[in-house]
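What follows is each chain in one-letter form.
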Amino acid sequence: MKAVELIAPCHFGLEAILKREILDLGYEIVKVEDGRVTFLTDLDGIARANIFLRTAERVLLKIGSFRAVTFDDLFEGIKKLPWENYIPKDGRFWVKKASTAKSKLFSAPDIQSIVKKAVVERLKGKYHVSWFPEDGSDYPIRVFILKDQVTVSLDTTGTPLHKRGYRKLVSDAPIRETLAAALLMLTPWNKNRILVDPFCGSGTFLIEAAMMGMNMAPGMNRSFESENWGGFLPRKIWYEAVDEANDLVNYDVDMDLQGYDKDPKMLKIARQNAKDAEVDHLIHFQQREVKDLSHSKPYGFVIANPPYGERLEDQETLPGLYKEMKEAFDRLDTWSKYVITSYADTEKYLGKPTKKRKVYNGMIRGEFYQYLGPKPPRRNGK
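Residues numbered from 1 in each chain as written. Predicted model: local features only at pLDDT ≥ 70, side-chain atom pairs only at ≥ 80, totals over all residues. Heavy atoms only, no water.

Caption draft 1: Fine view of the sheet that holds strand β13 (residues 355-361). Spatially, seven strands are ordered β10-β9-β8-β11-β12-β14-β13 in an open sheet, and the strand pairing comes out mixed. One side of each edge strand has no neighbouring strand; the edge strands of this open sheet are β10 (283-287) and β13. Direction aside, neighbouring strands of the sheet carry axes that sit 20 degrees apart on average. By the bridge criterion, five bridges tie strand β12 (residues 336-341) to strand β14 (residues 364-371) in an arrangement that is antiparallel. Bridge pairing in β14 places Ile 340 opposite Phe 368. Seen against the sheet, helix α5 (residues 177-185) touches β8 (195-197), β11 (301-304), β12, β13 and β14 and runs at an angle of roughly 170 degrees to β13. (Pairing = 2+ DSSP bridges. Helix = DSSP H or I, 4+ residues; strand = E, 2+ residues; numbered from the N terminus. Axes fitted to C-alpha atoms, helices over the stretch in contact; angles between N-to-C directions. Contact = heavy atoms within 4.5 Å.)

Caption draft 2: Spotlight on the pairing of strand β4 (residues 60-67). As judged from the two bridges shared by strand β1 (residues 3-9) and β4, these two strands associate in the antiparallel manner. Considered in β4, the bridge of Leu 6 is made with Leu 61. Direction of pairing for β4 relative to strand β7 (residues 149-155): antiparallel, over a ladder of seven bridges. Each bridged residue has a counterpart across the sheet, and for Leu 60 the counterpart in β7 is Asp 155.

Caption draft 3: Structural view of the pairing of β13. When β13 meets β14, the two strands line up antiparallel, connected through seven bridges. From the neighbouring strand, Arg 357 faces β14, where its bridge partner is Phe 368. In sequence, β13 turns back onto β14 through a hairpin of two residues, with Gly 362 there showing a positive phi of about 70 degrees.

Caption draft 4: How the structure looks around helix α6 (residues 204-214). Of all 11 residues in α6, 11 are buried, a share of seventy percent or more. Here α6 has its buried residues at Thr 204, Phe 205, Leu 206, Ile 207, Glu 208, Ala 209, Ala 210, Met 211, Met 212, Gly 213 and Met 214. Just past α6, the residue Asn 215 takes up positive phi, approximately 60 degrees. (Buried < 20%, exposed > 50% of the residue type's maximum accessible area, 1.4 Å probe, protein only.)

Caption draft 5: Layout of the pattern of salt bridges. Scanning all chains against the criterion turns up 19 salt bridges. Here Arg 142 ties to Asp 155 by a salt bridge, and the two come within 3.6 Å at their closest N and O atoms. You can see Arg 142 sitting in strand β6 (residues 138-146) and its partner Asp 155 sitting in strand β7, a full 13 residues away along the chain. We note that Arg 142, like Asp 155, is buried. Here the residues in one salt-bridge network are Arg 58, Arg 142 and Asp 155, joined through shared partners. (Salt bridge = Lys/Arg side-chain N within 4 Å of Asp/Glu carboxyl O.)

Caption draft 6: The arrangement of the nonpolar core in detail. Of all hydrophobic cores here, the largest spans 102 residues; its most connected members are Leu 74, Ile 78, Trp 83, Ile 141, Val 143, Val 279 and Ile 283. Ignoring any residue separated from it by four or fewer positions in sequence, one finds Val 279 in contact with Ile 207, Ala 210, Met 211, Met 214, Met 216 and Ala 274. Membership of the second largest hydrophobic core comes to 22 residues, among which are Val 196, Phe 329, Trp 335 and Tyr 343. (Core = buried A, V, L, I, M, F, W, Y, C linked by side-chain atoms within 4.5 Å.)

Caption draft 7: Seen up close, the packing of aromatic side chains. Across all of its chains, the model carries 11 aromatic pairs by this definition. Where Tyr 86 meets Phe 232, the ring centres are 5.2 Å apart and the plane angle is 85 degrees; that geometry is what we call edge-to-face. Taken as a pair, Tyr 86 in the loop between α3 (71-79) and β5 (92-101) and Phe 232 in the loop between α6 and α7 (236-248) lie far apart in primary sequence, 146 residues in all. For the residue pair Tyr 86 and Phe 232, the accessibility class agrees, reading buried in each case. Seen from their ring centres, Phe 301 and Tyr 338 are 6.1 Å apart, and the 15 degrees between their planes marks the pair as stacked. Of this pair, Phe 301 sits in strand β11 while Tyr 338 sits in strand β12, and the two are 37 residues apart along the sequence. There is no split in this pair, since Phe 301 and Tyr 338 are both buried. Among the aromatic residues, those joined into a cluster by ring pairs are Tyr 86, Tyr 139, Trp 229 and Phe 232. Stacked on the ring of Phe 93, the Lys or Arg Lys 116 has its end atom at 4.0 Å from the ring centre. Sitting over the ring of Tyr 260, Arg 288 keeps its end group 4.3 Å from the ring centre. (Phe/Tyr/Trp six-rings, centres within 6.5 Å; stacked < 30°, edge-to-face > 60°. Lys NZ or Arg CZ within 6 Å of the ring centre and 35° of its normal.)

Caption draft 8: Inspection of α5 at higher detail. Across the nine residues of α5, nine count as buried, placing the element largely inside the fold. Three or more residues of α5 are buried, namely Glu 177, Thr 178, Leu 179, Ala 180, Ala 181, Ala 182, Leu 183, Leu 184 and Met 185.

Caption draft 9: Region of the structure containing the packing of helix α2 (residues 44-52) against α7. Following both chains from N to C, one finds α2 and α7 inclined at 40 degrees, their axes separated by 8 Å at the closest point. One element, α2, and the other, α7, form an angle in the oblique class. The two elements α2 and α7 cross, and the hand of that crossing is right-handed. Residues Asp 44, Ile 46, Ala 47, Arg 48, Asn 50, Ile 51 and Phe 52 of α2 pack against Ile 237, Trp 238, Ala 241, Val 242, Glu 244, Ala 245 and Leu 248 of α7. (Parallel < 35°, antiparallel > 145°, perpendicular 65-115°, else oblique. Left-handed = near helix turned anticlockwise from the far one by under 90°.)

Caption draft 10: Spotlight on the environment of Gly 213. Its place among the elements puts Gly 213 in helix α6. For Gly 213, a relative accessible area of 5% puts it in the buried group. Taking the C-alpha atoms as reference, Gly 213 lies 7.6 Å from Met 255; in sequence the two are 42 residues apart. Once residues within four sequence positions are removed from consideration, Gly 213 is found in contact with Lys 191, Val 253 and Met 255.

Encoded structure:
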């Protein structure tokens with residue numbers, strides 16, 4: 001099979017988690033940069049990466065890269081790339097996104113226009129036509145320019161990977177599915193350990209945990225842009241990847257996942273989302289405030305995405321809420337607690353964490369506070 005380079009963008013600061021996922025799939029890492037990991041694979045890796053990666057935002061097929069400091073450089077560089085190997089005569093192609101950083105070329109609309117013209121010129125010469133109907137499958141092009149180095153790719157994913165398909169209803173401040181999965185992977189939690197989310201909202205943390213525990217691939221129940229490409233990308237690679245994903249699911253797993261929220265409307269949404277994800281049998285949702293957080297077992301994990309104070313009406317209530325959280329955490333003194341928040345006074349109320357990590361939830365910069373509890377004693381003295 002033909003070897004290709006794929007680029008997987010991800011949340012800033014979580015590249016190491018994505019790198020580990022890619023290595024686990026058996027692929028070779030080419031480069032790790034801020035917010036993206038490039039790796040080498042066969043064509044079947046396009047399907048497998050889209051279906052199996054939990055922390056990538058999308059999977060891009062790299063067409064080429066070159067240096068450009070003028071729009072003429074950009075036009076000629078794009079025109080030299082072998083677009084006819086990927087886009088058929090009836091393909092609908094456009095520049096979905098152009099982004100630049102620290103480069104002489106910085107006007108996104110101009111970049112988009114010039115790239116489109118250059119691709120048209122290349123394909124005109126190869127297909128010996130003067131006009132394209134563009135009534136076939138979609139081939140979205142993405143251009144990224146960093147320090148005058150242009151990287152051009154086709155978006156194989158379409159709708160971003162964080163949209164697994166199960167979350168049709170969300171809370172006011174939802175955490176992306178990809179970020180929730182990555183944060184879980186940063187903890188020592190595993191499917192045999194208790195996990196409680198006291199601000200469960202639409203249930204994302206717990207649903208992602210349940211899918212991980214069942215070894216359910218996050219993309220096995222949705223579709224992708226490149227499924228319709230045909231030509232160089234045989235449809236059978238998608239069937240094979242989905243078959244692989246189905247074979248790996250463990251439907252007999254038993255887990256202790258608990259989600260609490262004070263809002264009954266949110267709990268209804270969370271239950272529906274869990275049902276749509278086919279993991280509702282593994283999660284117990286209950287109406288409960290954080291001040292009532294307790295558990296009879298001596299060891300477990302709490303993961304929380306509490307209010308940040310983004311809304312003015314929340315700001316007055318935050319000190320009281322974080323005090324209640326601290327009191328609840330103190331009662332679970334042998335548990336490990338993990339909190340993602342952008343609230344500036346978090347340490348004032350929750351105390352100094354064992355460690356913390358800068359993360360972004362969408363455009364909101366926050367910290368992932370990690371309060372590590374003691375390791376539970378080994379069973380049977382092992």
